[in-house]
Amino acid sequence: MTATAAFVLGTRPEIIKLAPVITACDRRGVPTHVIHTGQHYSESLDEVFFEQLDLDPPDVNLGVGSGSHGRQTGEMLIGIEEQLLSVEPDVLFVQGDTNSTLAGAIAGSKLDVEVAHVEAGLRSFDREMPEERNRVLVDHAAEHLHAPTEETATRLCHEGLPDDRITVTGNTVVDAVRLSDERAAATSTVLSEFGLTAGEFGLLTAHRAENVDGRDRFADVLRGVAAAAEELGIEVVYPVHPRAADRLAEFDLAVPEAITTVEPLDFFDFLRLESTAALVFTDSGGVQEETCILGTPCVTLRYGTERPETAFVGANCVAGCRPREIRAGARRMYGKAGDWDSPFGDGDAAERILDCVGLDGEPAGPDRRERTVEPGE
Ligand code: UD1
Ligand code: UDP
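Sequence order as written defines the numbering, with residues in each chain counted from 1. For naming, the first written chain is A and the first written ligand is 1, with later ones following in the order written. pLDDT decides what is reported in this predicted model: residues at 70 or higher carry local features, side-chain atom pairs at 80 or more are listed and counted, and totals for whole chains, interfaces and linings draw on all residues regardless. The basis for every side-chain value is the complete set of non-hydrogen atoms in the structure, without hydrogens or water.

Engineer: Would you mind showing me how to read the overall build of the protein here?
Structural biologist: Under the scheme used here, helices are H or I runs from DSSP no shorter than 4 residues and strands are E runs no shorter than 2 residues, and both carry numbers assigned from the N terminus. The number of helices and strands found in the protein is 16 helices and 13 strands. On C-alpha atoms alone, the protein measures out to a radius of gyration of 20 Å, which is about the 21 Å that the 2.2 N^0.38 rule sets for 377 residues. Along the first, second and third principal axes, the C-alpha atoms of the protein reach 65 × 40 × 35 Å. Counting over 377 residues, the protein shows a buried share of 56%. Of the contacts formed within the protein by residues at least 6 apart in sequence, a portion of 69% connects residues at least 24 apart. Surface exposure here means Shrake-Rupley accessible area, sampled with a 1.4 Å probe, where a residue is shielded only by the protein chains that are shown. As displayed, the protein has an accessible area near 15,600 Å², and 47% of this comes from carbon and sulfur atoms. As defined in this context, the radius of gyration uses C-alpha atoms, and a globule is described by 2.2 Å times the residue total to the power 0.38. For each residue, the accessible area found with a 1.4 Å probe, counting protein chains only, is set against the maximum for its type, and the residue is called buried under 20%, exposed over 50%, and partly exposed in between. Working rule for contacts: check all heavy atoms of both residues, and any pair within 4.5 Å makes them a contact.

Right under this line is the structure:
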């Protein structure tokens with residue numbers, strides 16, 4: 001009988017980065033069961049990515065939604081356990097560092113299901129970040145640690161995790177970008193819709209709790225990005241994540257004129273802006289990686305990063321959050337050629353991950369989903 005792979009995902013970046021692994025299972029004829037926690041539920045953070053990445057809708061959506069960390073994670077845990085008991089998968093994939101990732105890893109671990117952590121070994125060494133606590137806990141619960149780079153694998157060894165659990169696979173974000181960037185270039189009309197010229201605008205994403213949940217810090221970030229944009233003579237587009245939108249309203253914070261706010265973008269439109277921007281300002285993990293892959297200079301609006309490889313190759317300046325730090329970072333990165341080598345692998349991470357967990361499946365035609373399953377198979 002062919003082994004079954006279960007997936008727990010719940011947020012925008014997990015959908016994007018697990019999509020290549022789910023697709024690779026389909027290619028190999030490995031049956032999948034996708035459990036969506038419902039952590040992200042707005043259409044613009046959820047369904048649109050399933051559509052653009054050619055994924056079937058999830059097999060189940062637990063509909064957990066927003067809430068405090070404990071309540072959200074606890075409700076997910078209950079729902080995921082029920083699913084695992086009924087599906088009995090051979091492997092459970094989780095990705096990254098969100099509350100959905102943590103709930104999946106704990107649920108799998110308690111039931112002795114093999115947990116595979118995609119994007120293992122990242123550390124910001126900032127335990128104030130909920131994501132840092134999540135990733136440490138998940139790595140220590142998982143049987144399979146799919147480290148994107150040598151550095152992340154080494155870090156896992158330093159934490160005493162056994163060598164035979166760790167494999168360097170590359171980051172599946174490269175697979176996702178490779179699958180989508182040509183389609184984005186061919187189909188996205190976002191530049192003309194927003195009246196932008198390639199190479200003459202900046203792109204901003206800011207949604208991290210530590211940047212937007214305090215009024216002064218969020219105001220500093222916006223002031224800094226606007227001042228940098230004015231100095232460089234570029235305008236900036238800011239697709240606003242719902243958490244940040246809530247805070248802007250709650251704090252009654254005015255966004256400076258140099259920054260145009262828009263709704264969260266779909267993957268193709270966002271990739272198109274990322275690959276044609278003069279400069280990207282961000283506190284997102286995935287955006288630091290994608291800009292590095294796409295050759296666009298990045299200014300990170302934080303005091304540390306769990307993706308230091310992006311800075312080592314010269315793609316990213318971890319600038320900080322005060323206006324003068326952001327301006328200095330922008331000056332340093334603006335106009336960089338973008339000819340660095342990406343440290344995140346060659347776009348075959350998903351295949352390596354399946355090899356590593358022994359999911360060989362069976363040879364499958366392109367229309368495997370329509371195939372009838374024989375009794376006893
Ligand atoms: C979560 C992750 C973060 C990741 C981000 C990706 C955790 C602890 N955080 O942060 O690591 O970078 O996802 O985008 O898991 N909201 C909506 N619609 C939605 C989802 C959320 O309006 O579909 C609003 C709600 O007001 C909610 C707030 O956004 O309270 C925050 O959502 P939540 O899922 O708690 O965390 P994120 O900030 O999205
Ligand atoms: N992204 C997107 N539309 C947007 C902003 C981001 O499609 O308006 C994508 C981006 O390409 C990347 C991912 O969302 O793949 C990053 O997610 P996010 O910043 O929410 O989370 P993080 O990576 O910080 O955990």
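Engineer: What exactly am I supposed to notice about the state of the cysteines here?
Structural biologist: Cysteine pairs can be covalently joined through their sulfur atoms, and such a bond is termed a disulfide. Any two cysteine sulfur atoms within 2.5 Å of one another count as a disulfide. In the structure shown here, the tally under the stated rule is 0 disulfides. Not engaged in a disulfide, the cysteine C317 finds its nearest cysteine sulfur in C298; these two sulfurs lie 9.0 Å apart. Just so you know, C321 is unpaired, no disulfide at all, and the nearest cysteine sulfur is the one on C317, 12 Å from it. A residue is classified by how much of its surface remains accessible, and C321, at 1% relative accessible area, is buried.

Engineer: Looking at this structure, I do not really get a negative patch on the surface. What am I missing?
Structural biologist: A cluster of like negative charges, contributed by D90, D112, E114 and E143, occupies part of the molecular surface. You can see D90 is positioned in the loop between α3 (69-87) and β4 (91-95). Overall, the relative accessible area of 40% leaves D90 in the partly exposed class. Nonpolar side chains (Val, Leu, Ile, Met, Phe, Trp, Tyr) within 5 Å and like charges within 9 Å form the patches, drawn only from residues with over 30% relative accessible area and no salt bridge. Salt bridges, as used here, are contacts in which a Lys or Arg side-chain nitrogen is within 4 Å of a carboxyl oxygen on Asp or Glu. This count recognises Lys and Arg as positive and Asp and Glu as negative, with His and chain-terminal groups excluded. The atoms used to mark charge sites are NZ of Lys, CZ of Arg, CG of Asp and CD of Glu.

Engineer: I keep staring at the site of ligand 2 and nothing clicks. Help me out?
Structural biologist: When at least one non-hydrogen atom of a residue lies within 4 Å of a molecule or strand, that residue is treated as near it. Looking at ligand 2, there are 17 residues lining it, with R208, L265, S284, G286 and E290 nearest. Within 3.5 Å is the distance limit for a polar contact, defined as a pair of N or O atoms, with the added protein rule that one can donate a hydrogen and the other accept it, and that residues adjacent in sequence qualify only through two side-chain atoms. Residue G285 places a main-chain N or O atom 3.0 Å away from an oxygen atom belonging to ligand 2. Note that an oxygen atom of ligand 2 is positioned 2.4 Å from one of the side-chain N or O atoms of E290. Elements that contribute at least two residues to the shell around ligand 2 include exactly α1 (12-28), α12 (267-276) and α13 (285-294). Residue classes follow a fixed rule: Ala, Val, Leu, Ile, Met, Phe, Trp, Tyr, Cys and Pro count as nonpolar, while Asp, Glu, Lys and Arg count as charged, and any other residue, Gly among them, counts as polar. In the shell around ligand 2, the residues fall into 8 nonpolar, 4 polar and 5 charged.

Engineer: Honestly, the site of ligand 1 in this entry has me stumped. Any pointers?
Structural biologist: The local shell around ligand 1 holds 20 residues, among which H40, Y41, E131, R243 and D246 are the closest. H40 places a polar side-chain atom, nitrogen or oxygen, 2.7 Å from an oxygen atom of ligand 1. The contact in question runs from an oxygen atom of ligand 1 to an N or O atom on the side chain of E131, over 2.6 Å. Within the complex, 87% of the 750 Å² of free accessible area of ligand 1 lies under protein.

Engineer: What exactly am I supposed to notice about the pattern of salt bridges here?
Structural biologist: Oppositely charged side chains can pair when the atoms bearing their charge come close. Throughout the structure, instances matching the rule amount to 25 salt bridges. Among the ionic pairs, E325 bridges to R322, the shortest N-O distance being 2.8 Å. Assessed through its relative accessible area of 15%, E325 is described here as buried. Salt bridges linked by common partners bring K17, D97, E119, E132, R135, E289, R302, E306 and R307 together as one network.

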